Amino acid sequence: MGQEDSDNAAKQKAIDDWLPITATRNAKWWYSAYHNLTAMVGAGVLSLPYAMSNMGWGPGVVVLILSWIITLYTLWQMVEMHEMVPGKRFDRYHELGQHAFGEKLGLWIVVPQQIVVEVGTCIVYMVTGGKSLKKVHDTLCPSCKDIKTTYWIMIFASVNFVLSQCPDFNSISFVSFCAAAMSLTYSTIAWVASVKKGVTPDVSYSSRAHSTADAVFNFLSALGDVAFAYAGHNVVLEIQATMPSTPEVPSKEPMWRGVILAYIGVAYCYFPVAFIGYYMFGKAVDDNVLITLQRPAWLIAAANLFVLIHVIGGYQVFAMPVFDMIETYFVKTLNFPPSRALRVTARIVFLALTMFIAICIPFFGSLLGFLGGFAFAPTTYFLPCVMWLRLKKPKRFGLSWTINWICIIIGVLLMTLSPIGAMRNIIVSAKDYKFFS
């Protein structure tokens, strides 16, 4: 029996050493900083001034800053819970979920939400990458022949076909570093160019809505935009799994150092873009602040190029846990032997699928507003709190208990309200949607 057990353990270790999340445990603390920054700061930062214009100064500032505080707190909880059982590491979000809610229920609670967030983000990044490429082309060569977005999405996908063959998280650290640097760069361009352009003559901060109903739905939709701006929690345990851990220096120490740096970066990107963009343009701001700026052409082209490089890295960071799920399923459930062929095939199929959906539904971003409300808010704002209450059992009505319940209530409100705003936006603008544009 002993021999069989050791054979099983050896087989299990071989599989873990092959899977992308657990393959290497030698990441440095700064890897955590830029993986988290890449996952958190998406091109969505450019829509924050527009979200502000739908919320107004008071509520807008409160919602943005409160979200920053709550999501930093829930991220801290996840980093703490990664090694809460001595000698065991929860390398994946669903493993922590299973520990908190039970084997079956934990999977059903976490995995569908994680898949919606990660696969949804990958599809949106396909569309964003294609559109950014097209914008660079159209800005630099206005007289050239117009090329359909479909072809640009294919070009963007082809870059990711190559990069997706990187075996594990550590092997994409350079791509992720470039992506994080780009998000800092185009955020800076957005607010510096806004300052340079100056306050628009007769700028107005009144509501752009024509009726009370309009104002309410716009506000709900803006809440959704802010919720998606903080969606990095879906990959945080997977990032921490790559950190070395010893009894003297548990993995949470380097991980947390990286998270703090990443969150300073998030504040640097989000707050100036949101507040300065809204201050300069008021309710006339577009849903992408770069569009409002329009010129100089070279600067807008450069910013779009940076967005492009960022979404290439962002795609890889969000796809890695999905690759891990697919490969785990093939190897552990279907008993395929771990092999290069399996990895190449599985990843190419996933990429082709996200590319196909992006080409068919180039307005997927507004659909994500609807889908994401159900998945982004729970995984980011309140699932960590629910797990914390179940596993750590803080004293009733004590400080920790109260803070967690406040976060849960805010998160549940976000989850129920933001899809309503998004659904209405989908219905209102449905007549402009074109499949295969």
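The rules we used
Residues numbered from 1 in each chain as written. Predicted model: local features only at pLDDT ≥ 70, side-chain atom pairs only at ≥ 80, totals over all residues. Heavy atoms only, no water. Helix = DSSP H or I, 4+ residues; strand = E, 2+ residues; numbered from the N terminus. Rg over C-alpha atoms; globule rule 2.2 N^0.38 Å. Contact = heavy atoms within 4.5 Å. Areas by Shrake-Rupley, 256 points an atom, 1.4 Å probe, with all protein chains shown as cover. Phe/Tyr/Trp six-rings, centres within 6.5 Å; stacked < 30°, edge-to-face > 60°. Buried < 20%, exposed > 50% of the residue type's maximum accessible area, 1.4 Å probe, protein only. Lys NZ or Arg CZ within 6 Å of the ring centre and 35° of its normal. Core = buried A, V, L, I, M, F, W, Y, C linked by side-chain atoms within 4.5 Å. 1 Å grid on protein atoms, 1.4 Å probe; cavity = no way out; pocket = protein on both sides within 12 Å on 5 of 7 lines; lining within 4 Å. Points joined across faces, edges and corners; volume = space filled by probe spheres on them. Nonpolar A, V, L, I, M, F, W, Y, C, P; charged D, E, K, R; others polar. Salt bridge = Lys/Arg side-chain N within 4 Å of Asp/Glu carboxyl O. Axes fitted to C-alpha atoms, helices over the stretch in contact; angles between N-to-C directions. Parallel < 35°, antiparallel > 145°, perpendicular 65-115°, else oblique. Left-handed = near helix turned anticlockwise from the far one by under 90°. Disulfide = S-S within 2.5 Å.

J.: What exactly am I supposed to notice about the overall build of the protein chain here?
T.: Broken down by element type, the protein chain carries 16 helices and zero strands. Taking 22 Å as the expected radius of gyration for a compact globule of 437 residues, we find that the protein chain reaches 22 Å, a close match to that expectation. Dimensions along the principal axes, computed over C-alpha positions, put the protein chain at roughly 80 × 55 × 40 Å. For the protein chain, the proportion of contacts with a sequence separation of at least 24, taken over those separated by at least 6, is 85%. Here the protein chain has roughly 18,800 Å² of accessible surface; of this, 70% comes from carbon and sulfur atoms.

J.: Looking at this structure, how should I read the packing of aromatic side chains?
T.: Aromatic ring pairs are reported here in terms of the distance separating the ring centres and the angle at which the planes meet. Taken as a whole and judged by the stated rule, the model has 19 aromatic pairs. Judged by centre distance (6.4 Å) and plane angle (15 degrees), the ring pair of Tyr205 and Tyr279 falls under stacked. Here Tyr205 is found in the loop between α8 (173-197) and α9 (212-229), whereas its partner Tyr279 is found in helix α11 (residues 252-281), with 74 residues between them in sequence. Accessibility expressed as a relative area gives 42% for Tyr279, which makes it partly exposed. Among the aromatic residues, those joined into a cluster by ring pairs are Trp57, Tyr205, Tyr278 and Tyr279. The aromatic ring of Trp18 is capped on one face by Arg343, whose charged end is 4.2 Å from the ring centroid.

J.: Looking at this model, I keep getting lost on the environment of Met154. Mind explaining?
T.: Within the secondary structure layout, Met154 lies in helix α7 (residues 149-163). We classify Met154 as partly exposed; its relative accessible area is 38%. A C-alpha to C-alpha distance of 8.7 Å links Met154 and Met126, two positions 28 residues apart in sequence. With near-sequence residues (within four places) excluded, Met154 lies in contact with Met355 and Ile359.

J.: Got a minute to help me understand the nonpolar core in this structure?
T.: Soluble globular proteins: nonpolar side chains tend toward being buried together. Val45, Leu64, Met126, Tyr230, Tyr270 and Met387 are the most contacted members of the largest nonpolar core, which has 118 residues in total. Residues within four places of Tyr270 in sequence aside, it is in contact with Met40, Val41, Gly42, Val45, Leu48, Ala229 and Tyr230. In this structure, Ile15, Trp18, Val331 and Leu342 belong to the second largest nonpolar core, which totals five residues.

J.: Sorry, what's going on with empty space enclosed by the protein here?
T.: To locate leftover empty space, one rolls a probe as large as a water molecule over the atoms. Across all of its chains, the model carries one cavity of 30 Å³ or more by this definition. Considered as a void within the structure, the largest cavity measures approximately 30 Å³ in volume. Surrounding the largest cavity, Arg92, His94, Gln114, Glu238, Pro321, Asp324 and Met325 form its lining. Among the elements that line the lining of the largest cavity, the one with the most residues is helix α13 (residues 297-333), at three residues. Taken together, the residues of the lining of the largest cavity sort by class into two nonpolar, two polar and three charged.

J.: What is the right way to read the side chain of Asp214 from this model?
T.: Examined against the element boundaries, Asp214 turns out to sit in helix α9. For Asp214, a relative accessible area of 16% gives the class buried. With residues up to four places along the chain from it excluded, the contact list for Asp214 reads Ala209 and Arg424.

J.: What exactly am I supposed to notice about the pattern of salt bridges here?
T.: Side chains that carry opposite charge are capable of pairing whenever their charged atoms lie near each other. Scanning the entire structure with this criterion turns up nine salt bridges. Between Arg347 and Glu327 there is a salt bridge, and its shortest N-O distance comes to 2.8 Å. In this pair, Arg347 sits in helix α14 (residues 340-360) while Glu327 sits in helix α13, placing the two residues 20 residues apart along the sequence. A network of salt bridges, in which partner residues are shared, links Arg92, Glu95 and Asp324.

J.: What exactly am I supposed to notice about the layout of surface pockets here?
T.: Put simply, the second largest pocket is a space of about 600 Å³. Lining the second largest pocket are 23 residues, and of these Arg92, His94, Glu95, Asp324 and Thr328 sit closest to its centre. Those elements giving two or more residues to the lining of the second largest pocket turn out to be α1 (2-18), α5 (93-101), α6 (103-140) and α13. With eight residues, α13 is the single largest residue contributor to the lining of the second largest pocket.

J.: How should the packing of α6 against α13 be read in this particular structure?
T.: Interhelical geometry of α6 versus α13 gives an angle of 155 degrees and a closest axis separation of 8 Å. The orientation of α6 relative to α13 falls into the category roughly antiparallel. α6 and α13 meet at a crossing whose hand is left-handed. Grouping the constituent residues of the contact of α6 with α13 by class yields 23 nonpolar, nine polar and two charged.

J.: Looking at this model, I keep getting lost on the packing of helix α2 (residues 29-40) against α8. Mind explaining?
T.: Between two packed helices, the angle of one axis relative to the other and the distance separating the axes together describe the packing. Closest axis-to-axis distance for the α2/α8 pair is 8 Å, and the angle between their directions is 60 degrees. Here α2 lies oblique to α8, going by the angle between them. Helix-helix and strand crossings are classified by hand; for α2 and α8 the assignment is left-handed. Facing Tyr31, Tyr34, His35, Leu37 and Thr38 of α2, the residues of α8 in contact are Ser173, Ser176, Phe177, Ala179, Ala180, Ser183 and Leu184. Considered class by class, the residues forming the contact of α2 with α8 number seven nonpolar, five polar and no charged.

J.: Any chance you could explain the state of the cysteines here in plain terms?
T.: Taken as a whole, this structure holds one disulfide when the rule is applied. Residue pairing for Cys141: its cysteine sulfur links by disulfide to Cys144, the two sulfurs lying 1.6 Å apart. When the S-S torsion is 70 degrees, as for the bridge of Cys141 with Cys144, the disulfide is right-handed. You can call Cys144 partly exposed: its relative accessible area is 33%. Free cysteine Cys360: the closest other cysteine sulfur is in Cys122, separated by 17 Å. With no disulfide of its own, Cys407 lies 4.3 Å from the sulfur of Cys385, the closest cysteine sulfur.

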